[in-house]
Amino acid sequence: MSLQIVQIKSTAGGNFSYLVFCPRTREGMVIDPSFAAADVLNRATGENLRILLVADTHGHRDHTAGNRRIIEASAALLAASPLDVPHADIPLLEGSVLRLGEETIRVLHTPGHSPGSLCFLLSSGDLFTGDTLFVTKVGRADLPGGNPADLYRSLQRLAALPEATRIHPGHDYGPLPTSTIAYEKEHNPYLRCADLEEFIRLRMA
Ligand SMILES: [Zn+2]
């Protein structure tokens, strides 16, 4: 049975947190608790879930701020890239697989916004893109550890996923809360750059 996805927006920063759960086993995972830990926990209680995992798309504080609160309330394990979050219980690398209920979640290492930025891909074609890809925008590449050439390659890789892939971004920065790879290829100027040089000019302007 497909995993269900609840998108929860923080009042601070326009961050999106996600509660992902198996409707049959009631096992849940929180992606980027951000500043919404209380809301996420309320939803999890309302849905009668056991939170088994907290997964960080990357190590920036606006995404990880609620980690501890969720973990203390649930005994969940923390899964993240060791490049961004050295103390994670489950170090995630390219090709790592997480299990939730009867489903598996594939980990894509997509550096550029930060060295350890990850995307999480469900078998349903839902993709959690953190600060790598937003609706009509992409993450910054000028923060410490950022690298615009890496970001370009990571975005090229996401753009090569099936067009129906639904993206669930780390912030509410676009005209819609979620979109698809097809939509982004049409409307996201950063995915429409002819080459790396054009991308760097646009992103680092
Ligand atoms: Zn970030």
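Further up the page is the structure itself.
In this text the structure is predicted, and so the values were computed from the model without any measurement.

1. Considerations on the coordination of the zinc ion
Put simply, the ideal angle at a metal is 109.5 degrees for four donors in tetrahedral geometry and 90 or 180 degrees for six donors in octahedral geometry. Within the protein, the atoms that donate to the zinc ion are His58 (NE2), His60 (ND1), His113 (NE2) and Asp131 (OD), at distances of 2.1 to 2.3 Å. Note that the zinc ion binds four donor atoms; their angles at the metal cover 90 to 174 degrees, and the shape is irregular.

2. Here's the deal with the pattern of salt bridges
Applying the stated criterion across every chain, the model contains eight salt bridges. Asp150 is paired through a salt bridge with Arg153; the nearest N and O atoms lie 3.0 Å apart. In this pair, Asp150 and Arg153 both sit in helix H4 (residues 148-159), three residues apart, roughly one turn of the helix. Look at Arg153 and you get partly exposed, because its relative accessible area is 48%.

3. Looking at the sheet that holds strand S2 (residues 16-21)
Taken in spatial order, the six strands line up as S1-S2-S3-S4-S5-S6 in an open sheet, and their pairing is mixed. Two strands close off the open sheet at either side, each with one partner strand: strand S1 (4-9) and strand S6 (90-91). Sheet topology places strand S4 (residues 50-55) next to strand S5 (residues 77-80); three bridges connect them, and they run parallel. Across the sheet, residue Leu53 finds its bridge partner in S5, namely Leu77. Strands in contact with helix H3 (residues 67-74) are strand S3 (27-31), S4 and S5; relative to S4, the strand with the most contacts, it is inclined by about 150 degrees.

4. Describing unusual backbone geometry
A positive phi is found at Asn48, a non-glycine position, where the angle reads about 60 degrees. Locating Asn48 in the fold gives a position in the loop between helix H1 (37-46) and S4. Overall, Asn48 belongs to the exposed group, its relative accessible area being 60%. A positive phi angle, near 65 degrees, is found at Thr136, a position not held by glycine. Assignment of secondary structure puts Thr136 in the loop between strand S11 (133-134) and strand S12 (137-138).

Reading the values: rules and limits
Residues numbered from 1 in each chain as written. Predicted model: local features only at pLDDT ≥ 70, side-chain atom pairs only at ≥ 80, totals over all residues. Heavy atoms only, no water. Donors = N, O, S within 2.8 Å, 3.2 Å for Na, K, Ca; no water. Tetrahedral: all angles 85-135°; square planar, octahedral: opposite > 155°, others 65-115°. Salt bridge = Lys/Arg side-chain N within 4 Å of Asp/Glu carboxyl O. Helix = DSSP H or I, 4+ residues; strand = E, 2+ residues; numbered from the N terminus. Buried < 20%, exposed > 50% of the residue type's maximum accessible area, 1.4 Å probe, protein only. Pairing = 2+ DSSP bridges. Contact = heavy atoms within 4.5 Å. Axes fitted to C-alpha atoms, helices over the stretch in contact; angles between N-to-C directions.

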